[in-house]
Amino acid sequence: MILFKRVLSFKMNKQKQFFRCFCNSDNTLETIKSNQIQWPKDYNNIPLEPNVTNFSTISPALLPTFNLAAYVNESYSLQQLVKLGVEIYKFDNNPDVMEMILKLDFERDMKPYIRFIHDCGVPVEELGKFLTKNPMIFSEHMDDLITRINYLEHKKFNTEMITTIIRKHPKWLSQSTVDIDTSLGFFQSNFFLSGDNIRSLVTKLPKLITWPKKSVNLVMFSLVEEMGFNKSERKRLLQIHPRLFIMSKNHLLQRFNYIHHTMNINHDRIVFEPQVMTSRLFRIKQRHEYLKYLNRAQYDPTKPNYVPLLKLVSGDDSEFCINLAKTSVEMFNTYLKTVQ
């Protein structure tokens, strides 16, 4: 306690000495003269003298979150990609792609790959679309790409088939031969497909082969256990319209329930025209209800005024009204307003 009082007394004495020094000083606001202020040398001239510095080449520093468009003017490689039709803005949300692209030299690192893709049958006008969908092809080893083409040739895919696969699904070339071989085996064993069946399936929808097998299994299970198709019908669905197997299982089930239970379409008709299940549910409902309102909802091919399921969901509203409903679009739109 005594020590604390001594420290406090010492601090108070120091403060008193400071205030005495400050009060005895002659440098008060009233006594300071303007000529005592030492201005920086630059202010001896006119402070607002016009500045002739060229600021046109100065740009703000780029933050870590940037877009490739900011580099186009300075990057020859990006300029060439843009000329090819590559939509580089689509890479902005992928830092790995942006980092890779910025490190590449067009002549040394990109041109050999572009030439390879073109030699595989991708026309010049589609090179931009191809590279937009699979820019990471530049990170693949050229020997691996050649091996993947050789694998398809070994599996008896002809040149036209290989070109079709690559043009439809550019990311195919980024899949290892081991993964592709495993996937082909999966479809062949689960659907009892022949070699010709497999080649036809791959050419029709190459994306299906690289699609997550978990999602494919869910659709396979739903078709048999929830929708009531047998395995033979499931195989036919795959061969006729494989896009069903890359759809959301829940969306597929909702459309099936409406088509089968509300529209009274049996399994045979759905298998014959499975494209109806890839159309949006609201589109199916609107058109079916309108035909029902007109007494034209007739889906039995053995009876007059038969309405094919494919035509029900294809074409725009004008074509639907003219060809199937036999009314004007205005009448269709008026009907939709009354039921919404």
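Residues numbered from 1 in each chain as written. Predicted model: local features only at pLDDT ≥ 70, side-chain atom pairs only at ≥ 80, totals over all residues. Heavy atoms only, no water.

As a rule of thumb, non-glycine residues mostly have phi less than zero, and peptide bonds are mostly trans rather than cis. Of note, the phi angle at asparagine 305 is positive, near 60 degrees, even though the residue is not glycine. Its location among the elements puts asparagine 305 in the loop between helix 15 (281-293) and helix 16 (309-313). Classification of asparagine 305 by relative accessible area gives exposed; the value is 57%. A positive phi angle, near 60 degrees, is found at lysine 326, a position not held by glycine. Topologically, lysine 326 is positioned in the loop between helix 17 (317-325) and helix 18 (329-339). (Helix = DSSP H or I, 4+ residues; strand = E, 2+ residues; numbered from the N terminus. Buried < 20%, exposed > 50% of the residue type's maximum accessible area, 1.4 Å probe, protein only.)

This next bit is on the nonpolar core. Counting residues in each nonpolar core, the largest one holds 86 residues, and the members touching the most others are Leu131, Phe138, Phe187, Leu208, Phe245, Met263 and Phe320. Looking at this core, the element that brings in the most residues is helix 4 (residues 106-119), giving 6 residues. (Core = buried A, V, L, I, M, F, W, Y, C linked by side-chain atoms within 4.5 Å.)

Time to look at the packing of helix 11 (residues 213-226) against helix 13 (residues 249-262). Where helix 11 contacts helix 13, the two axes come as close as 10 Å, and the packing angle between them is 25 degrees. Classified by the interaxial angle, the pair formed by helix 11 and helix 13 is roughly parallel. As helix 11 runs across helix 13, the sense of the crossing is right-handed. From helix 11, Leu218, Val219, Ser222, Leu223 and Glu226 reach across to helix 13, where they touch Lys249, Leu252 and Leu253. Tallied by class, the residues present in the contact of helix 11 with helix 13 amount to 5 nonpolar, 1 polar and 2 charged. (Axes fitted to C-alpha atoms, helices over the stretch in contact; angles between N-to-C directions. Parallel < 35°, antiparallel > 145°, perpendicular 65-115°, else oblique. Left-handed = near helix turned anticlockwise from the far one by under 90°. Contact = heavy atoms within 4.5 Å. Nonpolar A, V, L, I, M, F, W, Y, C, P; charged D, E, K, R; others polar.)

So, about the packing of aromatic side chains. Counted under the stated rule, the structure contains 12 aromatic pairs. Here tyrosine 76 and phenylalanine 106 contribute two aromatic rings whose centre-to-centre distance is 6.2 Å and whose plane-to-plane angle is 85 degrees, an arrangement assigned as edge-to-face. Separated by 30 residues along the polypeptide, tyrosine 76 in helix 2 (residues 76-84) and phenylalanine 106 in helix 4 bring together distant segments of the chain. Overall, tyrosine 76 belongs to the partly exposed group, its relative accessible area being 46%. On the numbers, 5.2 Å between centres and 45 degrees between planes, the contact of tyrosine 290 with tyrosine 335 is tilted. One end of the pair, tyrosine 290, is in helix 15; the other, tyrosine 335, is in helix 18, with 45 residues separating them in the sequence. (Phe/Tyr/Trp six-rings, centres within 6.5 Å; stacked < 30°, edge-to-face > 60°.)

Now for the environment of serine 222. Assignment of secondary structure puts serine 222 in helix 11. Of the residues examined, serine 222 reaches a relative accessible area of 0% and is grouped as buried. It is 8.9 Å that separates the C-alpha atoms of serine 222 and leucine 252, two residues lying 30 residues apart in sequence.

One rule of thumb: low pLDDT means the predicted coordinates there are not for detailed reading. Looking at the protein as a whole, the pLDDT averages 85, with 80% of positions reaching at least 70. A low-confidence stretch, residues 18-49 stays under pLDDT 50, and its non-local contacts, those more than four residues away or across chains, total 3 contacts. A low-confidence stretch, residues 55-65 (pLDDT under 50), is modelled with 2 contacts involving residues beyond four sequence positions or located in other chains. (pLDDT = per-residue confidence, 0-100.)

The subject of this paragraph is empty space enclosed by the protein. Counted according to the given criterion, the structure contains 2 cavities of 30 Å³ or more. Looking at the largest cavity, its volume works out to about 50 Å³. If you trace the largest cavity, you find it lined by Val122, Glu126, Lys129, Phe130, Lys133, Ile166, Arg167 and Pro170. Sort the elements by how many residues they give to the lining of the largest cavity and helix 5 (residues 127-133) lands first, with 3 residues. Class assignment of the residues belonging to the lining of the largest cavity gives a composition of 4 nonpolar, no polar and 4 charged. Estimated volume of the second largest cavity: approximately 40 Å³. Taken together, Arg148, Tyr151, Leu152, Trp172, Gln175, Thr177 and Ile180 make up the full set of residues lining the second largest cavity. Where the lining of the second largest cavity is concerned, the elements lending two or more residues are helix 6 (142-154) and helix 8 (177-191). Residue contributions to the lining of the second largest cavity peak at 3 residues, all from helix 6. (1 Å grid on protein atoms, 1.4 Å probe; cavity = no way out; pocket = protein on both sides within 12 Å on 5 of 7 lines; lining within 4 Å. Points joined across faces, edges and corners; volume = space filled by probe spheres on them.)

Here histidine 288 lies in helix 15. A polar side-chain atom of histidine 288 sits 2.8 Å from a polar atom in the side chain of tyrosine 299. Setting aside its immediate chain neighbours within four residues, histidine 288 contacts Tyr258, Thr262, Met263, Ala297, Tyr299 and Leu312. (Polar contact = N/O pair within 3.5 Å; in protein donor to acceptor, adjacent residues only side chain to side chain.)

Among the structural elements, valine 178 can be located in helix 8. Among the residues examined, valine 178 registers a relative accessible area of 57% and is labelled exposed. Separated by 27 residues in sequence, valine 178 and tyrosine 151 place their C-alpha atoms 9.9 Å apart.

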